[in-house]
Amino acid sequence: MIGVLLASALAVSPALAADPQALSLADALALVVARNPDLASAKLGQTIAAIDARRARLDRFTAELAVTGGGDLGVTKPWKQDGYTGADANWGGTATVGVPIWAGGAYRAAIDSADAANDIAALDQTISARSLVRATYTAYWNIKGYELQIAAAQEGLDLTQQSLDVIVAKANAGLAAGIDVNRSKVDLYSQQEALVEDKAALAEADEELIRLLHLDGGPITLTDDPPAPSADPVRADEATIAARPELKRQALEAREADDAVRTAQSAALPQIGLTGTASAAASGTGVTGTPLTADSLGPDLTASVGLQLTWNPFNLWKVRDAVAEARLRAEQVDRGTDSEKAQLAADLRQAATNVAQLRERAPLVDAQVALARDNLQIVQGLYGQGSAAILDLFNAQAAFRSARTQGASLRVQLATAECDLRWLLGTDVIQPAGTP
């Protein structure tokens, strides 16, 4: 899924090209992956880990070249004797190489550990991108939720205003008490206040999405609406948990812990290395009458090859404790993996249950909204004819507002829940849940 988003980040949709602040859900997900600095930092972390992995392979070998050289020129004047000039020069060079023959598995463990760290850094990119995707679609649907709630509140406010007009007309005709007018106005003002609060909450939600996407600010327009409830079967395939990057990361941490055990064990074993050295050196001296010549600086060449054996038997108690500690850390990682698996399985089951329940509620809530709207219109007509009490009208208004708000909230809850389920399954969150 993350690879698809990275590719789509390079292809801007027509709506986004025309208006940089007009965002579909796919646009938002692509932008957050392309622009977020935390993800860019994770990419740099992988580059660093790749360098460390290369270094671990090279650190097995040693190679050193040392070159020295020098000379001086002077005049010597003994007491009551003629002076004379003197010169001397020297140079030398040594090349040393070392190749490990056996180190008890220490170098192999270091290389494997570096490779695991490199793979972990790559997975950290995926995990970071997944977290950003989840935060983005949650923020996206949160904004749409406030928009739907504002639309529902506005419709309820319009109907309350219509009812107030009827009540005022009846009061002017002496058919309704003044207290009924005041109570209806209080209700109207309360709804207007709640609408203002919803608009303020919408502005905060807009800012949260702008921050996530690192936009330049200003109003944004979300072009996608929550989809209709899907008829696809709810899938909670726990076999997909094994493919989750979080568990892959746990497995790599377990590898690192095993490598640490091997490294600790290798300290108890002798190490054998092959060392080769070649050197060349020369020095010469010249005085008055016998000058310094190139022949006098001819090199003396030496070369040697040897085996080096190192072992410290007096360090075994410390090694024993280090091995025991490394094994305990490895076991700790295994217990953490078991806990992660259990949590992922529970999250997946809960997400599937949540989607199933919301889908079951959706048609019932839609029916309630339709009936509440019809009931309010009927009661308004009856009240205008004098066949219904003011309390019936207030109750019908409250029932409609409640059903309408509940319907708007459920649509967003269902859209977010289905995205959560697809996110947990590791599929594309912008595709239907049944899509392979």
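The rules we used
- Here the residue numbering is sequential within each chain, running from 1 through the sequence in written order.
- Under the rules for a predicted model, residues below a pLDDT of 70 receive no local features and side-chain atom pairs below 80 are neither given nor counted, while totals for whole chains, interfaces and linings still include all residues.
- Each side-chain value is worked out from all heavy atoms of the structure, with water and hydrogens disregarded.
- We call two strands paired when DSSP finds no fewer than two bridges between them.
- Each helix is a run of H or I in the DSSP string that is no shorter than four residues. Each strand is a run of E no shorter than two, and both are numbered from the N terminus.
- Axis definition: a line fitted to C-alpha atoms, limited for helices to the stretch in contact. Angles are taken between N-to-C directions and run from 0 to 180 degrees.
- Burial here depends on accessible area, computed with a 1.4 Å probe over protein chains only, as a share of the maximum for the residue type. Under 20% is buried, over 50% is exposed, and the range in between is partly exposed.
- Within this scheme, the nonpolar core is defined by two criteria: the residues are buried Ala, Val, Leu, Ile, Met, Phe, Trp, Tyr or Cys, and they are joined through side-chain atoms within 4.5 Å.
- Residues are treated as being in contact if the distance between any of their heavy atoms lies within 4.5 Å.
- The quantity known as pLDDT measures the predictor's confidence residue by residue, on a range of 0 to 100.
- Residues qualify for a patch when their relative accessible area is over 30% and they have no salt bridge, like charges being joined within 9 Å and the nonpolar side chains of Val, Leu, Ile, Met, Phe, Trp and Tyr within 5 Å.
- Residue burial considers only the protein chains on display, and all accessible areas are found by Shrake-Rupley using a 1.4 Å probe.
- Only one rule defines a salt bridge in this text: a Lys or Arg side-chain nitrogen within 4 Å of an Asp or Glu carboxyl oxygen.
- Just so you know how the angles are binned, under 35 degrees is roughly parallel, over 145 roughly antiparallel, 65 to 115 roughly perpendicular, and the rest oblique.
- Helix span, expected: 1.5 Å multiplied by one less than the number of residues in the helix.
- Centres within 6.5 Å make a pair out of two Phe, Tyr or Trp rings, where for Trp the six-membered ring is used; the pair is then stacked when the planes are under 30 degrees apart, edge-to-face when over 60, and tilted otherwise.
- Charge over a ring is defined by NZ of Lys or CZ of Arg lying within 6 Å of the ring centre and within 35 degrees of the ring normal.

K.L.:
When you look at the pairing of strand β3 (residues 84-102) in this model, what are you seeing that I'm missing?
P.N.:
Side-chain direction in a regular strand flips from residue to residue, so the side chains alternate between the two faces of the sheet. Direction of pairing for strand β2 (residues 62-76) relative to β3: antiparallel, over a ladder of 15 bridges. Its bridge partner being in β3, T68 is matched across the sheet by G92. Note: β3 against strand β5 (residues 271-287), 16 bridges, orientation antiparallel. Bridge pairing in β5 links V99 to L274.

K.L.:
Explain the sheet that holds β3 to me, please; I cannot follow it from the model alone.
P.N.:
Either a parallel or an antiparallel arrangement is found when strands of a sheet pair, and the pairing is made through backbone hydrogen bonds. With antiparallel pairing, four strands are arranged side by side in an open sheet as β2-β3-β5-β6. Lying at the two open borders of the sheet, with one neighbouring strand each, are β2 and β6 (300-310). Each neighbouring strand pair of the sheet contributes to a mean axis angle of 15°, computed without reference to strand direction.

K.L.:
Looking at this model, I keep getting lost on unusual backbone geometry. Mind explaining?
P.N.:
Negative phi is the rule for most residues except glycine; trans is the rule for most peptide bonds. At H214, a residue that is not glycine, the phi angle is positive and equals roughly 55°. By the element assignment, H214 lies in the loop between α6 (178-213) and β4 (221-222). Take H214: its relative accessible area is 37%, and that puts it in the partly exposed class.

K.L.:
Sorry, what's going on with the nonpolar core here?
P.N.:
In this structure, Y137, W141, L209 and L213 are the most contacted members of the largest nonpolar core, which totals 70 residues. Among the elements that take part in this core, helix α9 (residues 390-425) stands out by supplying 17 residues, more than any other. In contact with W141, not counting residues within four places along its chain, are L25, D224, D225, P226, P227, V412, A415, T416 and C419.

K.L.:
Is there a simple way to explain the confidence of the model for the chain in this structure?
P.N.:
Where the model shows low pLDDT, its predicted coordinates should not be examined in detail. Within the chain, residue pLDDT values average 84, and 93% of them lie at 70 or more. Taken together, the stretch residues 1-12 has pLDDT below 50 and engages in 20 contacts with residues farther than four places along the chain or on a different chain. In this model residues 432-436 is a low-confidence stretch, pLDDT under 50, and it forms seven contacts with partners more than four residues away in sequence or in other chains.

K.L.:
How should I be thinking about a nonpolar patch on the surface in this particular structure?
P.N.:
Together, F61, V99, I101, W102, L269, I272, L274, V305, L307 and L309 make up a nonpolar patch on the protein surface, roughly 960 Å² of accessible area in all. Among the elements of the structure, β3, β5 and β6 are those that each provide at least two residues to the nonpolar patch. Relative to the elements of secondary structure, W102 occurs in strand β3. Given the relative accessible area of 41%, W102 is considered partly exposed.

K.L.:
Is there a simple way to think about the packing of helix α7 (residues 245-266) against helix α8 (residues 316-385) in this case?
P.N.:
Running from N to C, α7 and α8 cross one another at 170°; their axes reach a closest spacing of 8 Å. By the angle between their axes, α7 is roughly antiparallel relative to α8.

K.L.:
When you look at the pattern of salt bridges in this model, what are you seeing that I'm missing?
P.N.:
Two side chains that carry opposite charge are able to pair once their charged atoms sit near each other. According to the stated counting rule, one finds 21 salt bridges in the structure shown. One salt bridge in this structure joins E155 and R404, with 2.6 Å as the shortest N-O distance. With a gap of 249 residues between them, E155 in helix α5 (residues 106-172) and R404 in helix α9 connect regions that are remote in the sequence. Between R211 and E208 there is a salt bridge, with the nearest N and O atoms lying 2.8 Å from each other. Highlighted residues: R211 and E208, both in helix α6, separated by three residues, approximately one helical turn.

K.L.:
I'm lost on α8 in this one. Help?
P.N.:
In an α-helix, one full turn covers 3.6 residues, which means residues spaced three or four apart are oriented alike. The terminal C-alpha atoms of α8 lie 100 Å apart, and with 70 residues this matches the ideal 104 Å at 1.5 Å per residue to within 8%. Just past α8, the residue G386 takes up positive phi, approximately 85°.

K.L.:
Help me understand the packing of aromatic side chains in this model?
P.N.:
Each pair of aromatic rings is reported with the distance of its centres and the angle of its planes. Under the defined criterion, the tally for this structure stands at one aromatic pair. Ring plane angle 85° and centroid distance 5.3 Å describe the contact between Y140 and W141, whose orientation is recorded as edge-to-face. For the residue pair Y140 and W141, the accessibility class agrees, reading buried in each case. Directly above the aromatic system of W423 lies the positively charged group of R134, at a separation of 4.3 Å from the ring centroid. Over the ring of Y383 we find K170, and its NZ or CZ is 4.1 Å from the ring centre.

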